[in-house]
Amino acid sequence: MSQPEALLKDIFGQGYFQWLIHQPMELILLMIVGGGLVFIVGGVLLANNYMTAEELISNTLVGTFKFMFLAQIFTGVIAFIMVEAGNRYANAEAYVDAEVRGLQLLTKTVSRMPLENQTRFHDAMKEYAKSVAETEWPMMVTGDDSPVSRAAFRRMLGVYFSFNPTDTADRSVVALGNLAVAMVVEARTNRLNNNVSKEFSDFIWVSLLGLVIITAMFNWFFGTRSLLSQVVMGISLGASILTCIFLVFLLSNPFAGDAAIRPTPFLELAE
Amino acid sequence: MTPASVPLNGLDPVATILLWLAVQPVGVGAGLLIGGGVLITVAGITALTLLADRATLIENNLVGGAKFAFLAQVFAALLAFVLVDGGIRYTNARGSLQSEASALRLLDETVSELGLSAREDIRAAIRAYADTVIRSEFISMQQGRESPTAAVAINHLIDLYVAAAPATNRDAMIKLQADSFLTRALSARADRINAVRPGLKTLIWVIVAFNTGLAITFSWFFGNPSYIGQLSMSVLLTTAIMTVVYTAILLNHPFSGDLAISPQPFHFLLGH
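Conventions we followed
- Residues numbered from 1 in each chain as written.
- Chains lettered and ligands numbered in written order.
- Predicted model: local features only at pLDDT ≥ 70, side-chain atom pairs only at ≥ 80, totals over all residues.
- Heavy atoms only, no water.
- Helix = DSSP H or I, 4+ residues; strand = E, 2+ residues; numbered from the N terminus.
- Rg over C-alpha atoms; globule rule 2.2 N^0.38 Å.
- Buried < 20%, exposed > 50% of the residue type's maximum accessible area, 1.4 Å probe, protein only.
- Contact = heavy atoms within 4.5 Å.
- Areas by Shrake-Rupley, 256 points an atom, 1.4 Å probe, with all protein chains shown as cover.
- Lys, Arg positive; Asp, Glu negative; His and termini not counted.
- Charge placed at Lys NZ, Arg CZ, Asp CG, Glu CD.
- Core = buried A, V, L, I, M, F, W, Y, C linked by side-chain atoms within 4.5 Å.
- Domains from an automatic or database assignment.
- Phe/Tyr/Trp six-rings, centres within 6.5 Å; stacked < 30°, edge-to-face > 60°.
- Lys NZ or Arg CZ within 6 Å of the ring centre and 35° of its normal.
- Axes fitted to C-alpha atoms, helices over the stretch in contact; angles between N-to-C directions.
- Left-handed = near helix turned anticlockwise from the far one by under 90°.
- Nonpolar A, V, L, I, M, F, W, Y, C, P; charged D, E, K, R; others polar.
- pLDDT = per-residue confidence, 0-100.
- Expected span 1.5 Å × (residues − 1).
- Buried area = accessible area lost by both parts, 1.4 Å probe.
- Salt bridge = Lys/Arg side-chain N within 4 Å of Asp/Glu carboxyl O.

Draft legend 1. Layout of the overall build of chain B. For chain B, the count of helices and strands is 9 helices and 0 strands. Beginning at the N terminus, the succession of helices and strands in chain B can be written as α-α-α-α-α-α-α-α-α. For 272 residues, the compact-globule formula gives about 19 Å, and the C-alpha radius of gyration of chain B, at 26 Å, lies well above that figure. By residue count, 50% of the 272 residues in chain B fall in the buried class. Long-range contacts, defined here as pairs at least 24 residues apart, represent 82% of the contacts in chain B between residues at least 6 apart. Roughly 11200 Å² of accessible area belongs to chain B as shown, and the carbon and sulfur atoms make up 67% of that amount. Side chains of chain B carry 17 positive and 18 negative charges; the gap between the two charge centres is 2 Å.

Have a look at this one:
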């Protein structure tokens, strides 16, 4: 377990982020945006209780420059994470699609095999597709593969490579089949490695969380004579930041939660 | 394709609005989006000027200015994300379309050298597939999906190709070469369809719309002794914001509207 992950588990119990991503999308939105806004507004009210309006207004003059500096840093981090998470989600979709298309092509190329081998291959392929959809999908949330799927994959390839081409026509079909195998192996590897930088992501999440908390707390020390204006502006800024965080959270978990990529193409292959 | 002939059924409301905007001529789409934003801004500024105390609004400027500038940075990051994402999708869609057409053309050329009776059937299937992509899939891709008719056509091509068994070493060698063109065409087809896949587009655009609303309304709460000055600056800002949002919408719909990618490479394949 990486240090940031251990730290998070210590703070939030058993894998807070893992628990959160499996909740309904509305609840995630409520917890991230709602929770963040309560923190922001609560802090503003607290600061106004302990400091006078004049003190808060005088903070604003100096604080503005520092706040703007913080804004630049925050933007750099959030832009980087958003693009990275967006790529991860789009790549995950592409790898799933490539693997399914490769399996479809491979299925077509076994037509030259003896009928018994064809049946064995179809059974093995369906078993693999079913195991990916049912056992590997939940495990990919944590960047792992399923031993069941791994074994099924080996069995499927074993059946395919057991075919011994005897004439030119057979060899020709096998050549195309080998290209399809390469497509499937590459797509499967990419799909499984898509979450491999998990420790790095957790570290990024901790950094981002820290930045959001600092930004929210910075807001507390600014003031105007109108508390309502202060609260409304704080909510507006907070809502903007927190909706971006909500989006990043969903994008960075392509195989979990309500917004996850579904294993439907694999289930269709298994039918 | 004319805007009226693009089917909008089967999409969620957000995707429908976005596609409808994307298929309009640029002048109309941009006019509606920017004009709408400007109208809302004018209404908001005017209402606040009439209803709120000007001195209180001016007092907001110092704190509000800092928060508004921070919000601008976050909003800029969000817009940069949708622009970069849209730009990548647009470039990938165009690149994969060209790769697919050139791979199919190479496949066609290579297959024409085969001494097999199925040769002409395979070549006809390539053309039938290209024709289906132009006629059917360019419409489906606007809705973010592949065309079932094109999927049937490509499967038919693969079936014919796999069934064509070479009898001589020469044919086997030619087919070995053709295999790589077929798989390249299939990969390019997958990339092309992936480039328009909706993914979390609806959620992303809801968040963009929400943040656009925040960015526009936030400036209403600033005070300025001059109503015209306040109004002019806000209108200019809204125009800039809506222009970027419209650009992002167009980039995220690479097969729709005036800036749509043309099926020219497939026309060229059919004409060859």
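Draft legend 2. Seen up close, the overall build of chain A. Secondary structure summary: chain A contains 10 helices and 0 strands in total. When the helices and strands of chain A are read in sequence order from the N terminus, they spell out α-α-α-α-α-α-α-α-α-α. In terms of C-alpha radius of gyration, chain A reaches 26 Å, well past the compact-globule figure of 18 Å for 271 residues. Along the longest, intermediate and shortest principal axes, the C-alpha atoms of chain A span 90 × 30 × 30 Å. Looking at chain A residue by residue over its 271 residues, the buried ones come to 52%. Considering only contacts within chain A whose residues lie at least 6 apart along the sequence, 83% involve residues at least 24 apart. Accessible surface, chain A as shown: approximately 12200 Å² in total, 64% of it carbon and sulfur. When the 18 positive and 24 negative side-chain charges of chain A are each reduced to one mean point, those points stand 5 Å apart.

Draft legend 3. Geometry of the nonpolar core. If you look at the biggest cluster of nonpolar residues, it comprises 155 residues, and the most contacted ones within it are Phe266(A) and Phe266(B). Take this core: its biggest share by element is 21 residues, from helix H3 (residues 54-111) of chain B. Lining this core are residues from two domains, each supplying at least three of them: domain 1 (24-87 + 197-251) and domain 2 (89-195) of chain A. Apart from the residues lying within four places of it in its own chain, the contact partners of Phe266(A) are Val96(A), Glu99(A), Val100(A), Leu103(A), Tyr128(A), Ala129(A), Val132(A), Ala133(A), Trp137(A) and Arg191(A). With 5 residues, the next largest nonpolar core counts Val41(A), Val44(A), Trp220(A) and Val231(A) among its residues.

Draft legend 4. Local environment of the packing of aromatic side chains. Summed over all chains, the structure comprises 16 aromatic pairs over all chains. Aromatic side chains Phe218(A) and Phe222(A) sit 6.0 Å apart centroid to centroid with 55 degrees between the ring planes, which places their arrangement in the tilted category. A relative accessible area of 22% places Phe218(A) in the partly exposed class. Look at Phe138(B) and Phe255(B): their rings are 5.2 Å apart centre to centre, the planes differ by 90 degrees, and that puts the pair in the edge-to-face class. Of the two residues, Phe138(B) is situated in helix H4 (residues 119-140) and Phe255(B) in the loop between helix H8 (227-251) and helix H9 (264-271); the sequence distance between them amounts to 117 residues. Both residues of the pair, Phe138(B) and Phe255(B), belong to the buried class. The rings of Phe67(A), Phe74(A), Phe218(A), Phe222(A) and Phe70(B) are connected pair by pair, giving a single aromatic cluster. Over the face of the ring belonging to Phe153(A) we find Arg188(A), whose NZ or CZ atom lies 5.1 Å from the ring centre. Positioned above the aromatic ring of Tyr161(B) is the side chain of Lys175(B), whose terminal nitrogen or guanidinium carbon lies 4.4 Å from the ring centre.

Draft legend 5. The domain arrangement of chain A, seen in detail. Annotation of chain A at the domain level lists domain 1 (24-87 + 197-251) and domain 2 (89-195). Each of domain 1 of chain A and domain 2 of chain A has a C-alpha centre, and the two are 46 Å apart.

Draft legend 6. Spatial organisation of the packing of helix H4 (residues 53-109) of chain A against helix H5 (residues 148-163) of chain B. The interhelical angle for the contact between H4(A) and H5(B), taken along N-to-C directions, is 35 degrees, at an axis separation of 10 Å. The two elements H4(A) and H5(B) cross, and the hand of that crossing is right-handed. Only Asn155(B), Ile158(B), Asp159(B) and Val162(B) of H5(B) make contact with H4(A), whose side of the interface consists of Leu105(A), Lys108(A) and Thr109(A). Across the contact of H4(A) with H5(B), the residue classes tally to 3 nonpolar, 2 polar and 2 charged.

Draft legend 7. Representation of the confidence of the model for chain A in the model. Residues with a pLDDT of 70 or more make up 92% of chain A, whose mean pLDDT is 86. No element of chain A has a lower mean pLDDT than helix H1 (residues 3-12) of chain A, which averages 56, and none a higher one than helix H3 (residues 25-50) of chain A, which averages 93.

Draft legend 8. Geometry of H3(A). Across its 26 residues, H3(A) extends 37 Å between first and last C-alpha, which sits within 8% of the 38 Å expected from 1.5 Å per residue. When we look at burial in H3(A), the residues that qualify are Ile28(A), Ile32(A), Val33(A), Gly36(A), Leu37(A), Ile40(A), Val41(A), Gly43(A), Val44(A) and Ala47(A).

Draft legend 9. Up close: the environment of Thr212(B). Mapped onto the secondary structure, Thr212(B) falls in helix H7 (residues 201-218). Dropping the residues within four chain positions of it, Thr212(B) is found in contact with Phe75(B), Ile241(B), Met242(B) and Val245(B).

Draft legend 10. Highlighting the interface of chain A and chain B. Chain A puts 58 residues into the contact, and the matching count from chain B is 51 residues. Carbon and sulfur atoms make up 74% of the surface buried where chain A meets chain B, a total of about 4600 Å² over both sides. Where chain A meets chain B, there are 3 salt bridges. The shortest N-O distance in the salt bridge between Arg197(B) and Asp97(A) comes to 3.2 Å. Secondary structure elements with two or more residues in the side of chain A that touches chain B: H4, helix H7 (168-193), helix H8 (198-220) and helix H9 (227-251) of chain A. Grouping the constituent residues of the side of chain A that touches chain B by class yields 31 nonpolar, 21 polar and 6 charged.

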